[in-house]
Amino acid sequence: MALCVFNSALKMASSPFGMLHVILICVTLHCNSLAEAKMNPRANIVLILTDDLDVSTGGMIPLVKTKKLIGDAGITFTNTFVASPLCCPSRASILTGKYPHNHHVVNNTLEGNCSSTAWQKTQEPETFPAFLQKHGIYQTFFAGKYLNEYGNKKSGGVEHVPPGWDHWFALERNSKYYNYTLSVNGREQRHGQNYSEDYLTDVLANISIDFLENKSNRRPFFMMVSTPAPHSPWTAAPQYESSFPNVKAPRDPNFNIHGKDKHWLIRQAKTPMTNSSVEFLDNAYRKRWRTLLSVDDLVEKVVRKLEVRGELSNTYIIFTSDNGYHTGQFSLPMDKRQLYEFDIRVPLLVRGPNIKPNQTSPLLIANVDLGPTILDIAGYSVNETQMDGMSFLPIMTSKGNSSTWRSDVLVEYEGEGSNISDPACPLLGPGVSECFPDCVCEDSYNNTYACVRTVAQAANLQYCEFDDNEVFVEVYNLTADPFQLSNIAKSIDQEVLEKMNHRLMMLQSCSGQSCRTPGVYDSQFRFDPRLMFSSLVPHRNKRRQTLK
């Protein structure tokens, strides 16, 4: 309606009073949109999802405007973890509110259920956007990277628009900055390498602003913007190509040291790294930061547009990432996939109605909680779904009891490897993947693990079991050892080990409400050793038999 009136008004501009009519009509339209926004009882919701943004090794430092406009204006959660430290499984957890063992996306391939036809039939109809659309109150918008195999012709190509989205601008396949294809409501739109027209982060910002300007003002909206940054190939916008010339990857205590008491995949890393390897990862670290400056601009544009439209005070804005990242920790060059803090911990900043500014919360959040929280904001209960997570809205608005909040979450990962040996690294044998030229590999079939991550008053603990021939165990006391230098699996009290093993099996078998039961360090936790080896058997990866 607004566009039709505006077009008619342009025709009046040729008359002596035409321009006055245009101004009056525009002012009237703006006032009407403000009035309608104030009449809308339900809050708007914006989710900004970055790709591979760490928080443990300084990833948030370049995002000055984001921290000011979202974090300082609301709440920052300092203990937020992903259900799996890899793009597609993690994004599936965000969308479904489920742990990987319930949504069955295990890696970034079609065979691993990433945007497969099976995913489309069984899980996409149960995502929180599908729930919102089904109830017909919210208008929904998506722009950016969806799932790594989205657009694959074997699963419908870019013509497939998942249920839940009224406005769909999705990237085909994995993150790029130029020379990519978007699905625009199911139609292919190709982009080249002209910065002003094609740089993806800016394109997403412009599409988002267009949506905010032209959407209906009579219905609340949910908007999800999923940026390529700071994922490789780390292509910065031209104006930021020379930023941070002297920045290097942090030389924390776990940088460029041997993981002597860790899983074999970590132990195989060469220590110390060569000078050329260190130089390469320092350069990559700078490039990652440079790409984030455009994300910072995107956040500012969205916030300012909401402010101009009078909608900011009634909008929740959530900023987070799908997984962390490492650059040189334990002499691993760069990637994600590992169980350590730098890969599983992510930023989470939220602002919105009834959230007081400048808050910091140490409470334990998982990315399976994002769906339940967004539904709670929209007026729906997680109990109406099959989600494993829980809403942290009461925590943000100071209406919940933090003393009864959960104390542990589950982290799962299924390793990937090749069935044949890498010709450049024959000594490693088959079963490894993501190998660098110096034959340091970032993944393997038996890099398959599950962890209980505990944050409670009495403990800051991580307990992990590998699905390998050793059933290797890693345990860390994060209070005494924040950089996870010492695996205390062989020295920790045996009773604690048994309880954590029991809790891990419970979580690996949980679904829905049973994923929200008391953890080991909750007062309501009950431990019965007789249940440890009943029907609760962790998933086993049969391919591990070919490995160490």
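Cut-offs applied
- Residues numbered from 1 in each chain as written.
- Predicted model: local features only at pLDDT ≥ 70, side-chain atom pairs only at ≥ 80, totals over all residues.
- Heavy atoms only, no water.
- 1 Å grid on protein atoms, 1.4 Å probe; cavity = no way out; pocket = protein on both sides within 12 Å on 5 of 7 lines; lining within 4 Å.
- Points joined across faces, edges and corners; volume = space filled by probe spheres on them.
- Nonpolar A, V, L, I, M, F, W, Y, C, P; charged D, E, K, R; others polar.
- Pairing = 2+ DSSP bridges.
- Helix = DSSP H or I, 4+ residues; strand = E, 2+ residues; numbered from the N terminus.
- Axes fitted to C-alpha atoms, helices over the stretch in contact; angles between N-to-C directions.
- Salt bridge = Lys/Arg side-chain N within 4 Å of Asp/Glu carboxyl O.
- Buried < 20%, exposed > 50% of the residue type's maximum accessible area, 1.4 Å probe, protein only.
- Contact = heavy atoms within 4.5 Å.

Student: What should I look at first to understand empty space enclosed by the protein in this one?
Tutor: Think of a ball as big as a water molecule: rolled over the atoms, this probe shows where empty space is left. Within this structure, the stated rule accounts for 2 cavities of 30 Å³ or more. Within this model, the second largest cavity holds a volume of roughly 30 Å³. What lines the second largest cavity is simply Leu95, Glu124, Thr127, Pro129, Tyr146, Pro162, Pro163 and Trp165. Considering only residue class, the lining of the second largest cavity consists of 6 nonpolar, 1 polar and 1 charged.

Student: Explain the sheet that holds strand 18 (residues 473–477) to me, please; I cannot follow it from the model alone.
Tutor: Strand pairing in a sheet takes place through backbone hydrogen bonds and is either antiparallel or parallel in direction. Pairing in this open sheet of 4 strands is antiparallel, and the strands run 13-16-17-18 from one edge to the other. Edge positions in the sheet fall to strand 13 (408–413) and strand 18, since each has one partner strand and no second. Between one strand axis and the next, the sheet turns by 15° as a mean value, whatever way the strands run. Examined bridge by bridge, strand 13 and strand 16 (residues 449–456) share 6 bridges and lie antiparallel to one another.

Student: I'm lost on the pattern of salt bridges in this one. Help?
Tutor: Summed over the entire model, instances satisfying the criterion amount to 25 salt bridges. Of the charged contacts, one joins Glu300 and Lys65 as a salt bridge, the two residues approaching to 3.1 Å between their closest N and O atoms. Here the residue Glu300 occupies a position in helix 11 (residues 275–308), and Lys65 occupies one in helix 3 (residues 64–71), the gap between them amounting to 235 residues. Judged by relative accessible area, which is 27%, Glu300 ranks as partly exposed. A network of salt bridges, in which partner residues are shared, links Asp335, Arg337, Glu416, Glu434 and Asp443.

Student: What's the story with the sheet that holds strand 2 (residues 75–81) in this structure? I'm lost.
Tutor: Pairing is mixed across the open sheet formed by 10 strands, whose spatial order is 6-5-4-3-7-1-8-11-2-12. If you trace the sheet from one side to the other, it starts and ends with strand 6 (187–190) and strand 12 (359–366), each paired once. Shown here is a sheet whose adjacent strand axes are inclined to one another by a mean of 15°, direction ignored. Where strand 5 (residues 181–184) lies against strand 6, 4 bridges are found, and the strand directions are antiparallel. From the neighbouring strand, Leu182 faces strand 6, where its bridge partner is Gln189. With respect to the sheet, helix 9 (residues 200–214) is in contact with strand 3 (139–145), strand 4 (167–171), strand 5 and strand 7 (221–226), its orientation differing from that of strand 7 by roughly 170°. Contacting strand 1 (44–50), strand 7, strand 8 (315–321), strand 11 (348–351) and strand 12, helix 13 (residues 370–377) runs over the sheet at an angle of about 175° to strand 8.

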